[in-house]
Structure formats: structure tokens, C-alpha cells
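# Structural features, examined
So the chains spell out like this:
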Amino acid sequence: MRLGKIISVSNLRVDILLENRKIDIRNIVYAERDGRRDYFEVAQIDGSIALAIPFGSVNGLKKGLDVYLHEGGLQMEYSDRILGRVFNAFGGPIDGLTLQSSCTKNIYNKSLTLSEIEIAGDILHTGIKALDFFAPMQKGFKMGLLGGAGVGKTVLIKELINNVYKGFGSNSVFIGIGERSREGKELYDEMLESNLLDKLAIAFGQMGESPMARSRVVYSGLTLAEYLRDEKKQDVLLFIDNMYRMIQSNSEISAELGHMLVDNGYSTTLLSDVSEVEERINSTENGSVTSFQAIYIPADDLADAAVNALLSHLDGQVVLDRKIAEKGLYPAIDVFHTKSRLVTPEKIGKRHYGLVNEVIRYLAQYQELEKIVAVLGIEDLSEENYNIFYRSRKLRNYFTQPMFVTEQFTGLAGQFVEISAVLDDVEAILSGKYDAEDESTFSYVGAINHG
Amino acid sequence: MDGYINEVVNDKINAIKNKNNVYELGRVLQIHDYILEVSGLENAAFFERVFIGNKAEGYINRIGRKSLTVVLVKKSSPVFVGDEVAASGEMFCAYYSANSIGHIVDIFAEDKLCNQFFSGREKINIETPPLPIMDRTRVHRPLYTGISSIDLLYPIGRGQRQLIIGDKKTGKTQIALDTIVNQRGEDVLCIYIAIGKSKKEVKEVYSELFRYGAMEYTIILAAFQDECAPVLLNTPQAGISIAEKYMLQGRDVLVIIDDLKKHADNYREISLLSGKAPGRDAYPSDIFFTHASMLEKGCQHKNGGSITILPIVEIKNGDITDYISTNIISITDGQIVLSAKNYERGQKPATDFGLSVSRLGGAVQTADLRKLGSIVRRELLFYLETSVVFELANMDGMGNELRDKMSRGKEILARMNQYRFEARTPQEVVKLFEELAEMRQ
């Protein structure tokens, strides 16, 4: 159906003079030239002019080209054929294999109602000491992994895929938003090589792709997860790397639409964009959706508006810090900002709860002592502070961990550590049992085994 | 209502058509430096090349409802309001000639030393579609820089993007030059992209590379600050497109971009002048995408070719957490951070070992370098971190083990010192650090 003509073109926006007004926001339209089609999504309608966002490059587009409606809008495969496959943001397979489509669904699904949402769930162990100790998880949780550039978010996500997905025995979905294509391909290769691909569905809109691809891939990916939850009635693991990039691409689009930008150039619709996506990531009585969401912190600014918009939806957060990474301590977890809704005496027990508080008290004190020691030396510390100083350094080292996914880099074998062992070890360090040991023996080990 | 609008539009079109042939011709309405507002040219395409008489050349950057925007890439004499603008019917593109290897060129394939076009010019698309994810394979073959702190601790592989970042005068360009010189005999085509560097600096780079015989396999693609800003904006993309052409033929290419901060600042200038809404730090909202789509071309292609990219970013006061730096860090596969403090202490290269990272690490190293590298890195980081905490503490108060570790760390740091163009082969690096690693066992 012919809708109208193009009357203006800029980098991320095409204006269409409508002859036919039967058109809605988020309808997909296309123009044809030299035998190829350029797709656009309608973003705004001002009287008889529609503003649309192109899916790809606009080079070569002209005024006067006819625009047609693409029936059905953006569709994603909605069947068992999604497993083991890789899709782009617009629902097309990109792994070079053919797809015999049996059923598809529009990617803009509605969010869940209050009565549909299920909040109970069992505890879920990740085998990563610092995560299970400071930010324990349960099924159906949304855990944010936050960090600035290059402090280890992606490594942590990959370790979680390794530890949780492999042990979980259920289907999972990975959504790559605005991250490196190299890492995306590596993930695919690794899953293929270790025969884990058949339970995984992947959607990619990586950083070299258009803003539209990066902005919409999350909807495509969520449609995959919803199929597994609603039709297969399964507990689903959802890995998203990286949620911030969706907001970033929205602000690129928003700027071109001429919207007033807020707070460091974010789009006006920042909060509603985030809610629309996050409210779809929930558990129902059919099955749970447990998500790990990597969140990039721009310019190392934890107070960033986009980061905070995402944080308000999460049940827990793990914050990675550059100052800790700088010291070679990985995962570079900032324990003071890492938390989980589960850390209450009722949920994790009094012992675990008490230990978390004690460790944080020690490490907070250590920060102060570090400054004193640098100036006055260790000799002038009281006995109590002397113990806190050395035990804190041991604790700090203890929460480093060799990862399975970095074996080739560190030369150390990965370790999966049970939470019971972590609690025993932490208790022993705090009690002074290991005061005579050298602190370096606590670095990059699993559970301590000192006889 | 619809019918009425159509009528108005058609009347207008017919009136213009009858008057003169504005479909191919337009007139300059407004001039803001190198950005022109043009009326007419109703049939022009986005990114089409246009000419303003024989005075200037540019491309269409926006097609508005009433007028369009042209940005200039070349201007030989002043452009006035009312000047005629002619569409060329072809997309704006860069030019390249295989004969330009060994020379300083610009994106029009003009030899900058003698101001003549090379023969055998061919068109190069500035914007190319993203490489399909499935066309990439693992980055695993090393690209040796000859610098031991890099080859041993933060290695670079063919197809890797490794950022070089640091304050002014900390040796960023030097690392790039050392790396180019070290590719002699390796069958790697090198493209050094200079953006907004002074002419003097570019000539120095040329003469250094020439002196070490590296110009034989190197192209210097330069855009100077006194050229139209859109040229500076498009030069790195054009350089990467040249690299892509060779990679798709199965060649290994090394691209240096010196530097991306200047590129970002230029883009900001153009964007603000064209009246676009400013984002964080007044950079355009798509600054991340601009850099990402370019650097994502760096990869190991499944056909065997590769593009290795070493972008350079200049920072202030050692702060790598500013907007542009963190953007690029989050694109690249690692970063070599150079510190002014280390530079002043005489450490050459002035690598900040704590902040430098290679995300590919051992994957691009041979087994012996990998094993040695992980030991040396751990020892060195431990030494650096501990020496800060215990800066004034008495060494005698430490246990024997700790004291040994400290003196070993100090020796490792000393052996990392290496002056310009003093490349060490991987074998020499292994020999130099092996005994230190053995002392530990």
C-alpha cells in the first residue's frame, strides 16, 4: 500500500508527506530504489507528515521517492526453531543458515499485568565468591553488572554464562546490544564448540550497526525469551550485554527527531523507554526469567541519569571499580556499592548476613588505615587496627577468583566455589586463624585449603 | 486537506520546473564557514557530490523540506551567496591509488609533497556496511611491536583494536612508529592516518619512517587542521575503507589513527555549526557510533586477512575517564596507557601497568610468551601496588618472602625500559625475563 513520498532526508530521519493517513507509530514502511528496499520505522506523525527512522544508511536517498507500508511490522520467529540460532534486531537469521519459519510474532509485545507477575523463587548460586557473598541471587531476579569502560563486565557475563547456564539445564537467551562484534562471534564459537548452542537463542545488534538496530534488538531478544517462558513454560536465563547501549542509541535517534534532550543528551523518553523494556522482563506462573544485565557506566559517572533509570528496576547490583582493577584484583568488585535485595537475615540466614556486615566494616576501616600506613608506617597502629589492616588485605585478596573464561589469559584454572565454603573461609580469616599466613596465598584461589 | 496539499506541492514543482532546471542546479542561500544552505537541487541524493562552479566541492549532508545543506571539502576561492551549485550525479567518495604506498597522501589521492594526483586513482566508499558478525574469526596471530612491555604483558594480535592513550608528550606516536618499523619483512601494509597534526609533525613522522626503511610498505594519509573540517571528519573512515579493501583480498593491514580526540572535536565543530542538538560535553549524540562503526572494521576476517587498528587518544592530566576516552576504551580490545609521571621518572615507554589492559591477552601469544607474561605481570602489579602502600614503611619489617618479591618487582620494572627504535624480538624478550621468573621457583 502506497503511503506517500519522501520530502526530506537527514542522517537518522526521513520525513514522509502522507497521502494516506492510516498509519501508526511503530509501523514499518519502506522505499524502493535500484531494486533494493530501505526500511524505516514511523516515530512521530505531525498532521500529514510522518517522521521515520531509517534501519540503515540513508546515502543515496532522494526527495520524491514513494513510500509503502510493510505489513505486520517487525516480526520475530516464535517457535522452537529459535534455539541454536542467531538473529539480528529485525528478526532475520544472521548465522548463514536457512530458517523455515513456522510462526512469528510482533516484537512490540505488551508488558505484563500486576496479577501475572510472580515474585517468589529459589536461591541461585553463581559459584563466584564475591557475587554469592555480597549479592546473592534467586530465580526471577534482575542483577545488574555495572562498570566503566574496561573493568571486566563482559568477562563477568561470560563467566556467569559458563557457571549458571551450563549448570541450569534450561534454555537461555543472549541479547548483545551495542557491544563488540568480536566478542559476539567468540561467544557463538565457544557455545558451538562446547555443544551448548542448542539451548541458546541469540540476538545481536552490535556497536557497528545502525542506531535503530541497537535500539530495537532488545525487543527482538525479549520476544525470544517470552516464547521460552510463555509457550515452553520454562525457567529462562537472560543475559543482556549491554543495557546502557539501548539508551544510548535512543538518544542518538531522539536528537535527530529534534526532541529536547535531557541530562547529558539523553532522550526525553528515557524513563518510559527503560520501563517499557524492564517491565517485560519478569517471571509469571508459567516460568521465571532470571536476568543478568551488564550496564556500562559512561565516563565512570555512577550518578549518570541513564544508569540510575536502569538501577531502579533491578533487584541487585554488582559494581566494578577502576581503582580496584588497577591493582590487578579481579573481579574488580566495589563491595560498598554491591548489593542485593536478598541480603536480609530472613532470606540468607543470620550467619551470612552477619558476615557480610562484618566484612564491609573491616574493608571500610581498611580504607582509612591505608592512608595512615602510607604516611606513618604500620608500627604505629594499635593491635586491633593492625589485625584489621592485615585481615582486610587477606579478605580483599580472597575475593579475587580465577575465572574459567580467562584461563588462557591468566594461566590459572577457573574455580567454582560453593557459598558454604566461602562463609567458612571468611569466618576463619576474620577470626584470625590465618594471621600467620602470607597474604599473597589468598589471591586467585578457590576455597582455602590450609589443612 | 490532502488533496489541497498535493495541489499546492504540484503547482510549486511545476512552477519551478518551468522556470529553470533546478533539479540539477541550485543556488547558495547562506554560508556558515564550510557549511552552505542551498536552494533548488530537487533531484539530488543524500551524500551526493556537488560543485560550486570551479571554486569549491562538497557533498549533501541534509535534504530539508525547502532547502538542503552542503558541507565543503575543498575551497579554492571564496563562495558567495547566489553562486550556482551543480549536482554531479554520483555519491561523494574518497580516492585511492596503489601507487600512493610510500607517500603522504590525502583522501583525494593527491601526493601532499608535490601536490599532484597519483595515476590509477580508484573510488573508495567512505561509508561501508558493517562486516557481518559471522565473517569474523578469532584473533590469534601476534603482531609484534618490538616493545617488551607490550609484547609480553599487553600483547597485540592481528585484527585487534588496541588504544594508545596518554597526555601530551608521553610517547604515544612513538609506540605507533616503533610498531610500524617492526613490521619490516612481515608482509603487513601500514596506514598511518594523521588527523589535525601539524605539517611539521607529519613531515617528521615521514622522515623517521623513511630513515628506517618503513615507508616501503606504509601510506601516510593526512588531513591537516587548515583544511575544511569535513575532510578531517572523513579521513579516518576513508583510511579504514582502504584497509578493508586490502583485508578482503586476504592481506594483513595495520592502521594507526593519530588521533581520535581531534577527530571527535572536529565532528563536534561541524555538528554544532550545523545546528544539531549537543549531547554530553557538547559532542553530537552519535559520537560513540561514529567511532564504533569505524573501529568495528578492525577484525580477523575468515578469509585470512585482518585489520589491526591502533587509535591514539590524547588526554589531560592523566584522566582516562573523560567521555571520549571511556567511549573508545569500551570499543577497543584493550589499551596501552602512558603516564606523564612515569615519563618524567625516565621510564621509557612510560606505560602505566595498572591501567593498561589487553582483552585478548594470551590468545595472541605463543605458549612461552603467554606463560612468562602472566607470571611477570602478576609480580609487577603486586610490586607496584605494594610499594605504594608501604612507601615509607621500613623494608626490614617485611618478611623475607615479601622482601624478595619487592626486589624482583623492581628488577622487572627496570628491564622493561627500552628506547625508541630498539626493537626486541620475542626470543630476546623471553631471554630477558625468563631468569627473573625462574628465581621465583
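Residues numbered from 1 in each chain as written. Chains lettered and ligands numbered in written order. Predicted model: local features only at pLDDT ≥ 70, side-chain atom pairs only at ≥ 80, totals over all residues. Heavy atoms only, no water.

### Side note on the overall build of chain B
For the record, the criterion: Working definition: helices are DSSP H or I runs of at least four residues, strands are E runs of at least two. Numbering for both runs from the N terminus. Note on exposure labels: buried denotes an accessible area under 20% of the residue type's maximum, exposed denotes more than 50%, and partly exposed covers the range between, all computed with a 1.4 Å probe on protein chains only. Any two residues whose heavy atoms approach within 4.5 Å at even a single point are treated as in contact. Using a 1.4 Å probe, accessible areas were evaluated by the Shrake-Rupley method; residue-level cover was limited to the displayed protein chains. When charges are counted, Lys and Arg contribute as positive and Asp and Glu as negative, whereas His and the chain ends are disregarded. Taken as the charge centre is NZ of Lys, CZ of Arg, CG of Asp or CD of Glu, depending on the residue.
Summing up its helical and strand segments, chain B has twelve helices and 20 strands in all. Seen through its C-alpha atoms, chain B measures out along the principal axes to roughly 95 × 45 × 45 Å. Considering chain B as a whole, with its 441 residues, one finds that 59% of them fall into the buried category. Nonlocal contacts in chain B, meaning residues at least 24 apart in sequence, comprise 71% of its contacts between residues at least 6 apart. Of the roughly 18000 Å² of accessible surface on chain B, a fraction of 51% belongs to carbon and sulfur atoms. Within chain B, one finds 55 positive and 57 negative side-chain charges whose respective centroids are separated by 1 Å.

### A look at the side chain of Glu183 of chain A
For Glu183 of chain A, the position within the fold is in helix α3 (residues 181–193). Among residues more than four places away in sequence, those in contact with Glu183 of chain A are Thr154 of chain A together with Arg359 of chain B.

### Things to note about a nonpolar patch on the surface
Put simply, the rule reads: Patch membership needs two things, relative accessible area over 30% and no salt bridge, and members are linked within 9 Å if like-charged or within 5 Å if nonpolar (Val, Leu, Ile, Met, Phe, Trp, Tyr). A pair is scored as a salt bridge if a Lys or Arg side-chain nitrogen falls within 4 Å of a carboxyl oxygen belonging to Asp or Glu.
Taken together, the side chains of Ile372, Val375 and Leu376 of chain A define a hydrophobic patch exposed on the protein surface, amounting to about 280 Å² of accessible area. Mapped onto the elements of the fold, Val375 of chain A is located in helix α10 (residues 350–376).

### Here we look at the sheet that holds strand β14 (residues 200–205) of chain A
All names here are of chain A. Note the cut-off: Two strands make a pair as long as DSSP finds a minimum of two bridges between them. To define axes, lines are fitted to C-alpha atoms, for helices over the stretch in contact only, and angles between the resulting N-to-C directions are given on a 0 to 180 degree scale.
Here eight strands make up an open sheet; going across it, the order is β8-β14-β13-β15-β16-β12-β17-β18 and the pairing mixed. Looking at the sheet topology across the chains shown, the edges are occupied by β8 (86–88) and β18 (339–340). As judged from the two bridges shared by strand β17 (residues 316–319) and β18, these two strands associate in the antiparallel manner. In the sheet register, Gly316 faces β18, and the bridge partner there is Ser340. With respect to the sheet, α3 is in contact with β8, β13 (172–177) and β14, its orientation differing from that of β14 by roughly 165°.

### What about the domain arrangement of chain B?
Many descriptions give the size of an interface as the accessible area lost when the pieces come together. All names here are of chain B. So the rule is basically this: Boundaries between domains were set according to an automatic or database domain assignment. Summed over both partners, the accessible area (1.4 Å probe) lost when two parts come together is defined as the buried area. In the analysis that follows, any N or O atom pair within 3.5 Å is treated as a polar contact, provided that within protein one partner can donate a hydrogen and the other can accept it, and provided that, for residues neighboring in sequence, both atoms belong to side chains.
Taken as a whole, chain B is organised into domain 1 (2–92), domain 2 (95–365) and domain 3 (369–440). Placing a centre on the C-alpha atoms of domain 1 and another on those of domain 2 gives a separation of 35 Å. Each side of the interface is counted separately: domain 1 has twelve residues, and domain 2 has 14 residues. Carbon and sulfur atoms make up 63% of the surface buried where domain 1 meets domain 2, a total of about 1200 Å² over both sides. Joining domain 1 to domain 2, the criterion identifies one salt bridge. The residue Glu90 makes a salt bridge to Lys123 at a minimum N-O spacing of 2.9 Å. Our enumeration of links across domain 1 and domain 2 arrives at three residue pairs in polar contact (both at pLDDT 80 or more).

### Thoughts on the side chain of Ser172 of chain A
Residues and elements named next belong to chain A. Topologically, Ser172 is positioned in strand β13. In this structure Ser172 comes out as buried when scored by relative accessible area, which is 0%. When residues no more than four places from it in sequence are discounted, the contact partners of Ser172 are Tyr165, Lys199, Leu200, Ala201, Leu228, Val236, Leu237 and Phe239.

### Let's talk about the pairing of strand β1 (residues 2–10) of chain A
Residues and elements named next belong to chain A. When you tally the buried positions in β1, you get seven out of nine residues, the bulk of the element. Note: β1 against strand β6 (residues 66–70), three bridges, orientation antiparallel. In the strand pairing of β6, Gly4 is matched with Val67. Inspection of the sheet shows β1 paired to strand β2 (residues 13–18) by six bridges, in the antiparallel sense. Following the sheet pairing, Ser10 is matched in β2 by Arg13.

### A few points about the packing of aromatic side chains
In plain terms, the rule: Think of it this way: a Phe, Tyr or Trp ring, Trp meaning its six-membered ring, pairs with another when their centres are within 6.5 Å, and the plane angle makes it stacked under 30 degrees, edge-to-face over 60, tilted otherwise.
Throughout the structure, instances matching the rule amount to 25 aromatic pairs over all chains. Taking the centre distance of 4.9 Å and the plane angle of 90° together, the rings of Phe133 of chain A and Phe134 of chain A count as edge-to-face. For Phe134 of chain A, a relative accessible area of 2% gives the class buried. Taken together, a centroid distance of 5.9 Å and an interplanar angle of 25° make the contact between Tyr206 of chain B and Phe210 of chain B stacked. Highlighted residues: Tyr206 of chain B and Phe210 of chain B, both in helix α4 (residues 199–211), separated by four residues, approximately one helical turn.

### Side note on the domain arrangement of chain A
Residues and elements named next belong to chain A. The assigned domain composition of chain A is domain 1 (2–70), domain 2 (75–341) and domain 3 (348–442). Computed from C-alpha atoms alone, the centre-to-centre distance between domain 2 and domain 3 is 31 Å. Counting residues at the interface gives 22 residues for domain 2 and 27 residues for domain 3. Interface area for domain 2 against domain 3, summed over the two sides, is near 2300 Å², with a carbon-plus-sulfur share of 73%. On the domain 2 side of the interface with domain 3, the three residues burying the most area are Lys129, Phe133 and Phe336, jointly 34% of the side's total. Our count for the domain 2 to domain 3 interface comes out at zero salt bridges. Summed over the shared surface of domain 2 and domain 3, the number is nine residue pairs in polar contact (both at pLDDT 80 or more). Sorting the residues of the side of domain 2 that touches domain 3 by element identifies α1 (129–134) and α2 (153–168) as the ones contributing at least two each.

### Remarks on the packing of α2 of chain A against α3 of chain A
Residues and elements named next belong to chain A. Stated formally: In these notes the angle categories are as follows: under 35 degrees is roughly parallel, over 145 is roughly antiparallel, 65 to 115 is roughly perpendicular, and the rest is oblique. The handedness criterion is simple: a crossing whose near helix is rotated anticlockwise from the far helix by less than a right angle is left-handed, and one whose near helix is rotated clockwise is right-handed.
Between α2 and α3, whose axes approach to 12 Å, the crossing angle comes to 20°. Taken together, the axes of α2 and α3 are roughly parallel relative to one another. In the crossing of α2 with α3, the sense of the turn from one axis to the other is right-handed. Here α2 contributes Thr154, Lys158, Ile161 and Tyr165 to the contact with α3, which in turn contributes Glu183, Glu186, Leu187, Glu190 and Met191.

### Thoughts on unusual backbone geometry
Looking along the chain, the bond that leaves Asp241 of chain A and enters Asn242 of chain A is cis, with omega of 25°. Between Asp258 of chain B and the following residue, Asp259 of chain B, the backbone shows a cis peptide bond with an omega angle of -5°. Tracing the chain through its elements places Asp259 of chain B in the loop between β16 (252–258) and α6 (260–273). The residue Asp33 of chain B is not glycine, and still its phi comes out positive at about 50°.

### Details of the packing of helix α3 (residues 172–181) of chain B against α4 of chain B
Residues and elements named next belong to chain B. Using the following cut-off: Following the grouping adopted for this structure description, the nonpolar residues are Ala, Val, Leu, Ile, Met, Phe, Trp, Tyr, Cys and Pro, the charged ones are Asp, Glu, Lys and Arg, and the polar ones are all others, Gly among them.
For the pair α3 and α4, interaxial distance at closest approach is 10 Å and the crossing angle is 30°. Considering their axes alone, α3 and α4 lie roughly parallel with respect to each other. Taken as a pair, α3 and α4 cross one another with a handedness that is right-handed. Side by side, α3 and α4 meet where Thr173, Gln174, Leu177, Ile180 and Val181 of the first sit next to Val205, Glu208 and Leu209 of the second. Looking at the contact of α3 with α4 residue by residue, the classes come out as five nonpolar, two polar and one charged.

### Topic: the pattern of salt bridges
Residue and element names in this part refer to chain A. In the structure shown here, the tally under the stated rule is 66 salt bridges over all chains. Among the ionic pairs, Asp435 bridges to Arg391, the shortest N-O distance being 2.8 Å. Placement of Asp435 in the segment after α13 (419–431) and of Arg391 in helix α11 (residues 383–398) is noted, with a sequence separation of 44 residues between them. Judged by its relative accessible area of 34%, Asp435 is partly exposed. Its relative accessible area of 11% is what places Arg391 among the buried residues.

### Comments concerning the environment of Leu413 of chain B
Residues and elements named next belong to chain B. Relative to the helices and strands, Leu413 resides in helix α11 (residues 400–415). Linking Leu413 and Val376, residues 37 residues apart in sequence, is a C-alpha distance of 9.8 Å. Other than its neighbours up to four places away in sequence, Leu413 contacts Gln347, Phe353, Leu380, Tyr383 and Leu384.

### As for the environment of Glu411 of chain B
Its location among the elements puts Glu411 of chain B in helix α11. Between the C-alpha atoms of Glu411 of chain B and Ile309 of chain B, which are 102 residues apart in sequence, the distance is 32 Å.

### A word on the interface of chain B and chain A
With 71 residues of chain B at the contact, the number on the chain A side is 85 residues. For the chain B face of the interface with chain A, the top three residues by lost area are Arg65, Met134 and Arg280 of chain B, together amounting to 12%. The salt bridge involving Lys276 of chain B is made with Glu256 of chain A; its shortest N-O contact spans 3.3 Å. Tallied by class, residues from the side of chain B that touches chain A come to 31 nonpolar, 19 polar and 21 charged.

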